[in-house]
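# An overview of the molecular structure
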Amino acid sequence: MATLLLIDGSSYLYRAFHAIRELSAPDGTPSNALFGFVNMLKKLRQQTHADYIACVFDAKGKTFRDDIYPQYKAQRPPMPDELRVQIAPIHQAVAAFGIPILMIEGVEADDVIGTLARQASAQGITTIMSTGDKDMSQLVDDYARIENSMTEEVLDRDGVFAKFNVWPEQIVDYLALIGDTVDNVPGVPKCGPKTAAKWLAEFGSLDNIIANADAIKGVVGQNLRDTLQWLPTAKELVTIKCDVDLSSELPNGFDDLKYQTEDSATLLQLFTRFNFRTWVREMEGKVGQAAKPETPKGITSDLFGDEPNEAIPAEVSSIPAAPVERHYECINTSELLAKWIDKISAASMTAFDTETDSLDQMQARLVGMSFSVQAGEAAYLPLAHHGADTPEQLPFDDTLAQLKPWLESADHKKVGQNLKYDQHVLANLGINLAGIADDTLLMSYVLASHEKHNMDDQAARELGETTIKYEDICGKGAKQIGFAEVDLDTATAYAAEDADITGRLAHTLLPRLQANAGLHYVYRDIEMPSRQVLYVMERNGILVDANKLNRQSHDIGLRLIELEQQAYELAGQPFNLGSPKQLGEIFFDKLKLPVIKKTPKGAPSTDEEVLSELAKDYPLPKVLLEHRSLSKLKSTYTDKLPLMINAATGRVHTSFNQTVAVTGRLSSSDPNLQNIPVRTPEGRKIREAFIAPAGCKIVSADYSQIELRIMAHLSGDAALIRAFEQGLDIHKATAAEVFGVSLDEVTSEQRRYAKSINFGLIYGMSAFGLAAQLEITREAAKTFIERYFNRFPGVAEYMEVTRAAARDAGYVETVFGRRLWLPAIKSSNGAQRAGAERAAINAPMQGTAADLIKLAMVAVNHWLIAEKLSSRLLLQVHDELILEVPEAELDLVKAKLPEIMASVATLKVPLLAEVGVGENWEEAH
DNA sequence: CTGCTAGCATA
DNA sequence: GTATGCTAGCAGA
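First things first, this report covers the structure right here in the doc. Each residue is numbered by its place in its chain's sequence as written, counting from 1. To read the labels, note that chains go from A and ligands from 1, taken in the order they are written. Totals for whole chains, interfaces and linings use every residue, but because this is a predicted model, local features are given only for residues with pLDDT of at least 70 and side-chain atom pairs only at 80 or more, for both listing and counting. Values shown for side chains rest on all heavy atoms present in the structure; no hydrogens or waters enter the calculation.

What follows concerns the layout of surface pockets. Cavities and pockets are found on a 1 Å grid laid over the protein atoms alone: a cavity is a set of points where a 1.4 Å probe fits but cannot escape, a pocket is an open set with protein on both sides within 12 Å along at least five of seven lines, and a lining residue has an atom within 4 Å of such a point. Grid points are joined across faces, edges and corners, and a volume is the space filled by probe spheres set on the points. Of the volumes computed, that of the second largest pocket is approximately 1,700 Å³. Along its surface, the second largest pocket is lined by 48 residues, and Val678, Arg679, Phe759, Tyr763 and Asp879 are the ones closest to its centre. In DSSP terms, a helix is any run of H or I states spanning at least four residues, a strand is any run of E spanning at least two, and both are numbered starting from the N terminus. Secondary structure elements with two or more residues in the lining of the second largest pocket: helix 25 (620-638), helix 26 (681-687), strand 18 (696-703), helix 27 (706-715), helix 30 (748-762), helix 31 (767-774) and helix 34 (830-866). It is helix 30 that contributes the most residues to the lining of the second largest pocket, eight residues altogether. The nonpolar class holds Ala, Val, Leu, Ile, Met, Phe, Trp, Tyr, Cys and Pro. Asp, Glu, Lys and Arg form the charged class, and all remaining residues, Gly among them, are polar. Of the residues belonging to the lining of the second largest pocket, the class tally is 16 nonpolar, 17 polar and 15 charged.

See below:
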């Protein structure tokens, strides 16, 4: 049976406008109604498969109802300007989606819908009226029903009766009796839905009620008798006209209401103008496919030319190309140097690499550089080799000066493998590397975050080439020599190969990224821009008060000695408190304490959980717990951090690794500044040592409940979305739902339970895990989870859908299209598979959060530069950004920073960032 | 000197 | 129950 879908455009216009908070295009044009409307259209298109479709709007001007009753809708305020300006783009969007638009002068949208619905019913066509307008209930019959796509309410004949206690054919009478304040149609005073339904149940119809008006008692009965003259007019006003002449609009009848071809180009244009990023990405994929017909793979002389030869789907792993003939040379004369400067100046893209004497990017000194502009052809320029044969090497300073313009030119595009490192190395020499167009490390990471991304592995995987390993030429371990000690022939073979392979990798990987709009967006608009911000943050470094940490080390040291003495007495012998093995022997062999759990290798565990449990009954574990936590703080933080201060800058410069975390998160190392303590008072003292220089403050801004908000967005769960929209304490709100109490009745115990389940959900929880966390039985945890899923069915469904999608595709995606691969999801090992399923649940949330804060970092950095501010980004800790801000800029940054963070994307729930200020990180947090 | 384990710091 | 990085201890070079 054929189906007709009629969208009540006028009703959704207002609903979308009021349902969504402020939202506007970059130029300030409001876009909330457009966003809501398009969202609704997409949802409808996905959910409802109709043969015929129309979106109906009110036309301008008066209607026949104004002639009947001049006060009709007289009290309705004019359409707000903010909505009015969105009408044209909304019509444009509807049309571009391929949905026919109907606007008939002299009648309202309802009348057009009524007419079409009646015509459809007569032909046996099912009609779905998508509207939120209760008046339309009068149109429901055996063929026509209402589906409200916002509330997902469905009203068929029985549904109408269930809702209003009258049948659809009585709705007109019912509306006439109760009137419509919005449209300024009076009814019978004091007659509401209850009374109207009661009368209609008793007398069947308005006519019959009028006929029996004298029999109705009370004030309402008198009111009825007073309005008898009016009621027929009221009925006429609320009756939807079902005989509108549509012959000139639809000469071919329903055939004129078929879906048209989607106009992706217009949609892309529209979404770009209003900055609907997710949809832009979606459309870019479609437009790209349509605009780029497949071309045969050709041979180009310029291998790094701008246009990819062929769009290879990202899913298809590349087939290693045929061996490339290599020609590498060593630049050791001014003629060769001139030749290569010409080459790289003319090239549209140069693969570039540096060789240095250290892995520490802030300390590393340049030893040489290599270049390649064509597959198989590359050159190595040695600059600081020394050793037995320090031969034909061009002079360091002079050669670098010749290359500096090219290195610092944004017009000369470079591609490299981890150019952030090379950028540091050159910055150490006062050279500001520019024109960084591509990075094969990031390409590999975006295409396949679960693979290895080092150049040797990439070369083998993507090109089928075996490369010279660093260790092959420099040795390893203590006997390793610096690259400057390597002879020039060997160095050339190695370094030129690096540039050559990098260029060829870029040429292979870029088309695969471009073939997928989502991945390309993640690479081009998230990873490449945040690469630059990370460089800036690493370069900035953070000021650390070494004296303060040293004093803390000293104090902790004294306390540790006390604790050791106590432990020796309690144990009856001295032993190494830091050795789990010795500790185990004392605990379980000598003192015969009970074994609570075992390590994976089978030894009795002595971790914090076990110690806490044992501490309830024995004194020694308590001493151990304090010793453990203090020695961790001392060895990892208070002892180490002062040693990490860079002598030249006086600051600590971490390395942000952009390509290790499979979820898209960053990691920090040397030192890791993403795990500075915060939970315990002793730990927080370490944060106090991260300080702002004189005249500055530390400003910290963190996203509030970012992963739960993303869960609300991804699952679309109405209750969860509502809780965030209302700005509630989310754990409390969860508790209220799950325990069925009001918000102010939630006990702290209930809130704690809810908090655990919220975190558990983010981690792909099982009943077992939750039980352990809450120290309750597994059965109790299970019923608790069931109650949660009952209250938040959208979340339950999302979990299942995600698991299934991961099993199907082998990966899951973030909101921005980042792919998170889960090779273990198809493992025959049950435990591994279960682990991968938990990761599949967690990854979209953790990964989307990572995408968001990367976008925020880029936006904040961009703002700081555009406004020429001196404030500096220093650190990122997954959901937190830390800046150093001069006092003069404090108010501005305090206001703008959280605003930027909250507005990098528009999700189904608002984003919130909270800002703090202090002399040090602890105060600011 | 290198690689592994247990344990623990963060989001 | 997700994702990381670092330390000390220890075993086998």
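Now that the structure is up, let's keep going.
Turning next to the environment of Gln773. Within the element layout of this structure, Gln773 appears in helix 31. Judged by relative accessible area, which is 54%, Gln773 ranks as exposed. Each residue is assigned to one of three classes by its accessible area relative to the maximum for its type, calculated with a 1.4 Å probe on protein chains only: buried under 20%, partly exposed between the two thresholds, exposed over 50%.

Near DNA strand B, the surroundings consist of 24 residues, among which Gly477, Thr606, Glu608, Val678 and Arg679 are the closest. For DNA strand B, the backbone portion of the atoms within 4 Å of the protein, that is sugar and phosphate, comes to 80%. Residues adjacent in sequence count toward polar contacts only when both atoms are side-chain atoms; beyond that, a polar contact is any pair of N or O atoms within 3.5 Å, and within protein one must be able to donate a hydrogen and the other to accept it. In the model, a phosphate oxygen of DNA strand B is placed 3.4 Å from a nitrogen or oxygen of the Ser605 side chain. Arg628 places a polar side-chain atom, nitrogen or oxygen, 2.9 Å from a phosphate oxygen of DNA strand B. If one sorts the elements of the surface near DNA strand B by residue count, helix 25 sits on top with four residues. Here the surface near DNA strand B is composed, by residue class, of eight nonpolar, eight polar and eight charged. It suffices for a single heavy atom of a residue to lie within 4 Å of a molecule or strand for the residue to be listed as near it.

Turning to the pattern of salt bridges, a few remarks are in order. For this analysis, a salt bridge means a side-chain nitrogen from Lys or Arg found within 4 Å of a carboxyl oxygen belonging to Asp or Glu. Evaluated as defined, the whole model comprises 47 salt bridges. Salt-bridge contacts for Glu922 lead to Arg684; the nearest nitrogen and oxygen are separated by 3.8 Å. Here Glu922 is found in helix 36 (residues 921-924), whereas its partner Arg684 is found in helix 26, with 238 residues between them in sequence. Two residues, Asp729 and Arg751, come together in a salt bridge whose shortest N-O distance is 3.0 Å. In this pair, Asp729 sits in the loop between helix 28 (718-725) and helix 29 (730-739) while Arg751 sits in helix 30, placing the two residues 22 residues apart along the sequence.

On to the sheet that holds strand 21 (residues 872-876), then. DSSP-based pairing: two strands are paired if at least 2 bridges between them are found. Overall, antiparallel pairing links the four strands, which are arranged 21-22-18-23 in an open sheet. One side of each edge strand has no neighbouring strand; the edge strands of this open sheet are strand 21 and strand 23 (913-918). Between one strand axis and the next, the sheet turns through 25 degrees on average, direction left out of account. Of the strand pairs in this sheet, strand 18 and strand 23 are connected by six bridges, and their pairing is antiparallel. Residue pairing for strand 23: Tyr703 is matched across the bridge by Ala913. Strand contacts of helix 35 (residues 890-902): strand 18, strand 22 (880-886) and strand 23, with the helix running at about 20 degrees to strand 18, the strand carrying the most contacts. Axis lines are fitted through C-alpha atoms, for helices just across the contact stretch, and the angle between N-to-C directions can take any value from 0 to 180 degrees. Residue contacts follow a heavy-atom distance rule, with two residues in contact if any of their heavy atoms lie within 4.5 Å.

Okay, the packing of aromatic side chains next. When we look at a pair of aromatic rings, we describe it by the centre distance and by the angle of the planes. Geometry of aromatic contacts follows a simple scheme: Phe, Tyr and Trp rings, the Trp one being its six-membered ring, pair when their centres are within 6.5 Å, and the pair is stacked under 30 degrees between planes, edge-to-face over 60, tilted otherwise. Taken as a whole, this structure holds 27 aromatic pairs when the rule is applied. Ring centres of Phe164 and Tyr174 lie 5.8 Å apart, and the angle between their planes is 65 degrees; this geometry places the pair in the edge-to-face category. With Phe164 in helix 6 (residues 157-164) and Tyr174 in helix 7 (residues 171-178), this pair connects stretches of sequence that are 10 residues apart. Tyr174 matches Phe164 in its accessibility class, with the two residues each being buried.

Neighbouring residues of DNA strand C: 30 residues in total, closest Asn576, Ser579, Ser667, Asp670 and Tyr763. Within 4 Å of the protein, the contacting atoms of DNA strand C are drawn from sugar and phosphate to the extent of 76%. At 2.8 Å from a phosphate oxygen of DNA strand C is found a main-chain nitrogen or oxygen belonging to Asp670. Here Leu770 contributes a backbone N or O atom positioned 3.2 Å from a base nitrogen of DNA strand C. For the surface near DNA strand C, the elements supplying multiple residues, two or more each, are helix 23 (580-590), helix 25, strand 16 (667-669), helix 31 and helix 34. Its residues assigned to classes, the surface near DNA strand C shows eight nonpolar, 16 polar and six charged.

What follows concerns unusual backbone geometry. Asp670 connects to Pro671 through a cis peptide bond whose omega is -5 degrees. Locating Pro671 in the fold gives a position in the loop between strand 16 and helix 26. One non-glycine residue, Lys592, adopts positive backbone phi at about 55 degrees. Tracing the sequence through the fold places Lys592 in the loop between helix 23 and helix 24 (608-615).

Before going further, it helps to spend a moment on the nonpolar core. We define a nonpolar core as any set of buried Ala, Val, Leu, Ile, Met, Phe, Trp, Tyr and Cys residues linked to one another through side-chain atoms lying within 4.5 Å. The biggest cluster of nonpolar side chains holds 152 residues, and the ones touching the most others in it are Met369, Phe371 and Phe587. At 11 residues, helix 34 tops the list of elements feeding residues into this core. For Met369, the residues in contact, after removing those within four places along its chain, are Phe352, Asp353, Thr354, Ala379, Tyr380, Leu381, Leu383, Leu400, Leu403 and Leu407. By size, the runner-up hydrophobic cluster in this structure holds 58 residues, among which are Leu139, Leu224, Trp230 and Val238.

Our next topic: the sheet that holds strand 8 (residues 350-356). As summarised here, the arrangement of the six strands in space is 7-10-9-8-11-12, forming an open sheet in which the pairing is mixed. Looking at which strands have only one partner, the edges of the open sheet turn out to be strand 7 (327-330) and strand 12 (436-439). Adjacent strand axes in the sheet meet at a mean angle of 25 degrees when their direction is disregarded. Relative to strand 11 (residues 414-416), strand 8 runs parallel, the two sharing two bridges. Bridge assignment links Thr350 to a residue of strand 11, and that residue is Lys414. On top of the sheet, helix 16 (residues 419-427) reaches strand 8, strand 9 (366-374), strand 11 and strand 12; it is set at about 60 degrees to strand 8, its chief contact.

A few words on the side chain of Glu837. Inspection of the secondary structure puts Glu837 in helix 34. Residue classification places Glu837 among the buried residues on the basis of a relative accessible area of 17%. Apart from residues no more than four positions distant in its own chain, Glu837 is found in contact with Arg803, Arg807 and Ile825.

Right, let's talk about helix 30 for a bit. In this scheme, a helix's expected span is set at 1.5 Å multiplied by one less than its residue total. Here helix 30 spans 21 Å end to end across 15 residues, near enough to the 21 Å set by a 1.5 Å rise per residue. Residues of helix 30 that are buried include every one of Gln750, Tyr753, Ala754, Ser756, Ile757, Asn758, Gly760, Leu761 and Ile762, and no others. At the C-terminal side of helix 30, Gly764 shows a positive phi close to 70 degrees.

A few words now on helix 8 (residues 193-203). Those residues of helix 8 lying buried are Thr195, Ala196, Ala197, Trp199, Leu200 and Phe203. On the buried face of helix 8, the contacting elements are helix 6, helix 7, helix 9 (206-211) and helix 10 (218-226). Remark: Gly204 follows helix 8 within two positions and exhibits a positive phi of approximately 85 degrees.

Moving on to the packing of helix 1 (residues 9-19) against helix 2 (residues 32-47). A pair of packed helices is captured by two measures, namely the crossing angle of their axes and the spacing between those axes. For the pair helix 1 and helix 2, interaxial distance at closest approach is 8 Å and the crossing angle is 125 degrees. When the axes of helix 1 and helix 2 are compared, the pair comes out oblique. The chirality of how helix 1 crosses helix 2 is right-handed. Of the residues in helix 2, those in contact with Gly9, Tyr12, Leu13, Ala16 and Phe17 of helix 1 are Asn32, Ala33, Gly36, Phe37 and Met40. Roughly parallel means an angle under 35 degrees; roughly antiparallel means over 145; roughly perpendicular covers 65 to 115; every other angle is labelled oblique. Left-handed describes a crossing whose near helix is turned anticlockwise from the far helix through less than a right angle; right-handed describes the clockwise counterpart.

Mapped onto the elements, Ala567 comes out in helix 22 (residues 546-571). In this structure, the C-alpha to C-alpha distance between Ala567 and Leu620, residues 53 residues apart in sequence, is 6.2 Å. Once residues within four sequence positions are removed from consideration, Ala567 is found in contact with Phe575, Leu577, Leu620 and Val623.

Here the focus is the pairing of strand 12. As paired strands, strand 11 and strand 12 are joined by three bridges and run parallel to one another. Its bridge partner being in strand 12, Val415 is matched across the sheet by Asp438. Remark: the strand 11/helix 16/strand 12 crossover connection has right-handed handedness. For the handedness criterion, the strands are oriented away from the viewer, and a crossover whose path from the first strand over the helix to the second runs clockwise is classed as right-handed.

Examined against the element boundaries, Thr814 turns out to sit in the loop between strand 19 (811-813) and strand 20 (819-821). In contact with Thr814, not counting residues within four places along its chain, are Leu820, Pro844, Gly847, Thr848 and Asp851.

Here we take up the pairing of strand 1 (residues 3-8). In regular strands, side chains alternate between the two faces of the sheet. Most of strand 1 is tucked away, with six of its six residues classed as buried. On strand 1, burial covers both faces: Thr3, Leu5 and Ile7 on one face and Leu4, Leu6 and Asp8 on the other are all buried. In terms of strand pairing, strand 1 meets strand 2 (residues 52-56) through five bridges, oriented parallel. Bridging from a neighbouring strand, Leu4 pairs with Tyr52 of strand 2.

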